[in-house]
Number of protein chains: 2
Amino acid sequence: MEMGSDEKVGLMRKGFEWVKKWVKGLVGKLVEVRSKATALGKDDPRRVIHSLKLGLALTIVSILYYYNPLYANFGVSAMWAVMTVVVVFEFSVGATLRKGLNRTFATLFAGALGAGAHYLAALSGHVGQPIITSIFVFLLACILTFMRFVPSIKAKYDYGMMIGILTFALVSISGIQDDEVVLLFEKRISTIFLGVCVCVLISISISPVWAGQDLHNRIALNIENLAIFLEGYGSVECLKSLQDEQFTQEYKSILKSSGIEETLYNSARWEPGHGCFQFRHPWNQYLKIGALTSQCAFRIDALCRNLSSSNIQVSQKIQTEIQETCMEMSMESGKALRQLVSSIRELTQPTRAQIYTHNSKSAAKRLKTSLRSSHLWEDCDFLTLIPAATVGLLLVDVVECTEKISEAVQELASLAHFKSGKAEPMQSEKEKVQPNIGVAFVTIPISSV
Amino acid sequence: MEMGSDEKVGLMRKGFEWVKKWVKGLVGKLVEVRSKATALGKDDPRRVIHSLKLGLALTIVSILYYYNPLYANFGVSAMWAVMTVVVVFEFSVGATLRKGLNRTFATLFAGALGAGAHYLAALSGHVGQPIITSIFVFLLACILTFMRFVPSIKAKYDYGMMIGILTFALVSISGIQDDEVVLLFEKRISTIFLGVCVCVLISISISPVWAGQDLHNRIALNIENLAIFLEGYGSVECLKSLQDEQFTQEYKSILKSSGIEETLYNSARWEPGHGCFQFRHPWNQYLKIGALTSQCAFRIDALCRNLSSSNIQVSQKIQTEIQETCMEMSMESGKALRQLVSSIRELTQPTRAQIYTHNSKSAAKRLKTSLRSSHLWEDCDFLTLIPAATVGLLLVDVVECTEKISEAVQELASLAHFKSGKAEPMQSEKEKVQPNIGVAFVTIPISSV
């Protein structure tokens, strides 16, 4: 059964190779993880700062344990402060406030209710007490759990409901073994309050991440992406299939990102006034604009799919009758969106956008008229006309959607009392824009737009 | 300063009126809440059962407090069982398992790590211990918090990461004041394990809600909604604007519900085999099908918008050349989807769907050909032709999407080893279908589809 020395060496070599391979694999994985983490941090450096902030908050509340006079006061209840920090500290100020306030008030109310239930149950003597308490806990847990299914409650108070069940159960049940219910509850609520305060203070004071600001930026960015597409599309021979991926990539990011706005909104509504935003900033209007932008992105997607599937040959006639009008429509609505973006970013009234919207609407009307006019059809190649007309009609669809976005942004501007500044540059800009409108449309008063 | 008796009576009456109004308002609100709750419960009765199940689980773990021998063993650690039940018990089995396993293993690993950190820090004496512990806690909190931003970790282990930070902090910090770290940790992990077990057992044994089954049903329902639209649309004069809201309402539910499938998927992958599904059922294929269905719904939406905005007059020529082909396309792809639905529901291979897909593809090809043929254009009213052709091309878009859905479902059927049964009725069905194909397409072998 003894191995020869050759066999031993062979086995050792094999073992060595295996270890080498394993270490190599591990190192490779670690390098991969490191590069991933670096990319994640570079993508949004606030993530790194958030991690450091949480570490700091946790270190601060752990002083409750280290510093003996404090520990003598709070005892094991200091644990609740640590728990609160880990659970409540979220990425944005709004989310932290939502969870913190939910936790504090739910603990307060449910704790008081639990203490009441404890005293009520205690009246029924040692045998009855566990039974009565059980019934109370069962009922409250059922009711609050069911309430968590109500959509409006789920959006705002879901966490509070959970903490409510938890606190009520802990306070009323633990009363059975420990009669110092009120004292225990006092300690718990004060440590939780302390934890929430530390979270909120650190969240606000060290490079705060405002969900409202994020929502604001995000909406502006989405509209800008639409503008980039429409301007890019308006500058090329827009009936040919799109080779250039440069400006078609932008709008696709909007298609994927539904739901993020809703999350930001749910946090933003808890935030106090910050930066340029007051406490009751009309955040729900952003949701409306967000829905319209994603609608617009889907319509652009339909347009692009149609372009890539159909092979349009552009004759001279189509070029003058359809293509130029399409290019104008696209360019003008792109400019309108660009104006909306800058008015959102600078919090000013989007007065100039109306001119461009008006231009694109006129162009759309002209396109429809020329598609209906029979002289287009008299001596034209039908086979090329159908796909070109389809693209034109889909573009009309997109333009209509940009109008709706424009209206929604104007509503936002009036709801949020955006500054009405920049009236002077608007006038000069208007003159610069006029040549684009064309003679036929100067007569239409802008007020009718 | 004294009031006359008239004034007193007046004031009392006012007060009475106010109380009456308040009570009336309260009663009104309560009635409203009750009707809302009833609607919520009727909409999905499993919500009521879930609430009762949570109440039951909570009552069971509270025995740890009531029953003295148990309390003598676990003490205040019994609190962790109550907490675990409230936090871990989710609507579906999969979500409960995910949270439960995350909580158990995170507590186990982070607790062991925390105990290790405690002993390591204890080596540095009374002064150094808090500092070393703080550094450990800070570092681990930063790293785990940052890891929560990694999308793949967030989807599966987000809760575990949080519990990891919490447990590590509690175990390593509390060691400073209490040297029975290991004993405390043992009690905590056993009560948490107990809580998780109660949750999982009740979740599985009392009318279980399987996220996988929900996902399966949901995908089938979404495809069915598309089928309802396409069949309905194929049975009316489909170039006229749609008055009948009956079959256009169905597909709209798909537009709103993105994100739900992802949530269900994240829970379903944690579930053991249940019903007809094995443990490693290809749940991610459902996500693929879900994305295609919502794409298809958006294309149908574009079609409907186009129909409602354009006013199509149907001449005799258009009726025969376009409308009938459109109706066939719509009807056949509707039937194909209907076959897919029944094959998903019965877990059988979707062999019959291919025939219908083939039919609708042929019809689409015919439509394209007739749109390109010049004889359609010779003596036709162009003004009515353009919108009709646009609708036709949009419908081709929809049909292409249904093909993709069909392919994805076939992939699912082969991945999940669906039964290949029902070969006999397929043959007879095929014969029934043949007349629809038309003479020109019989020669095309089905294998080329």
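Keep in mind the model is a prediction, meaning the values are calculated, not measured.

Definitions and cut-offs
- Residues numbered from 1 in each chain as written.
- Chains lettered and ligands numbered in written order.
- Predicted model: local features only at pLDDT ≥ 70, side-chain atom pairs only at ≥ 80, totals over all residues.
- Heavy atoms only, no water.
- Contact = heavy atoms within 4.5 Å.
- Salt bridge = Lys/Arg side-chain N within 4 Å of Asp/Glu carboxyl O.
- Polar contact = N/O pair within 3.5 Å; in protein donor to acceptor, adjacent residues only side chain to side chain.
- Nonpolar A, V, L, I, M, F, W, Y, C, P; charged D, E, K, R; others polar.
- Helix = DSSP H or I, 4+ residues; strand = E, 2+ residues; numbered from the N terminus.
- Core = buried A, V, L, I, M, F, W, Y, C linked by side-chain atoms within 4.5 Å.
- Buried < 20%, exposed > 50% of the residue type's maximum accessible area, 1.4 Å probe, protein only.
- UniProt positions renumbered as here; feature names shortened; annotations may be inferred.

1. With respect to the interface of chain A and chain B
At the interface, 61 residues of chain A touch 62 residues of chain B. Here chain A is connected to chain B by 0 salt bridges. The interface formed by chain A and chain B includes 2 residue pairs in polar contact (both at pLDDT 80 or more). Of the residues in the side of chain A that touches chain B, the class split is 42 nonpolar, 14 polar and 5 charged.

2. So, the environment of P350(B)
All names here are of chain B. Structurally, P350 can be placed in the loop between α14 (316-346) and α15 (353-372). Residues P350 and F418 lie 68 residues apart in sequence; the distance between their C-alpha atoms is 9.0 Å. Contact partners of P350, with chain neighbours within four places excluded, come to L340, S343, V409, Q410 and A413.

3. Section: the nonpolar core
Counting 117 residues, the largest nonpolar core has I223(A), L226(A), I405(A), I223(B), L226(B) and I405(B) as the members making the most contacts within it. The element that contributes the greatest number of residues to this core is helix α17 (residues 382-415) of chain B, accounting for 17 residues. Counting residues in hydrophobic clusters, the runner-up holds 100 residues, among them Y66(A), V196(A), I202(A) and Y71(B).

4. Thoughts on the side chain of E403(B)
With respect to the helices and strands, E403(B) occurs in helix α17. Setting aside its immediate chain neighbours within four residues, E403(B) contacts T357(B) and K361(B).

5. A word on the UniProt feature "transmembrane region" (unreviewed entry) in chain A
Residue and element names in this part refer to chain A. Within this numbering scheme, the UniProt entry marks residues 51-68, 74-93, 105-121, 127-147, 159-177 and 189-211 as carrying the feature "transmembrane region" (unreviewed entry). Secondary structure over residues 51-68 splits into 89% helix and 0% strand, and the C-alpha atoms at its two ends are 28 Å apart. Counting secondary structure, residues 105-121 comes out at 100% helix and 0% strand; the distance between its end C-alpha atoms is 24 Å.

6. With respect to the pattern of salt bridges
Tallying each qualifying case throughout the model produces 30 salt bridges over all chains. A salt bridge links E411(B) to K288(B), with the shortest nitrogen-to-oxygen separation between them at 3.1 Å. On the criterion of sequence distance, the pair formed by E411(B) in helix α17 and K288(B) in helix α13 (residues 283-309) is long-range, its members being 123 residues apart. The exposure class of K288(B) is partly exposed, given its relative accessible area of 40%. Through salt bridges that share partners, E224(A), E231(A), R338(A) and R345(A) make up one connected network.

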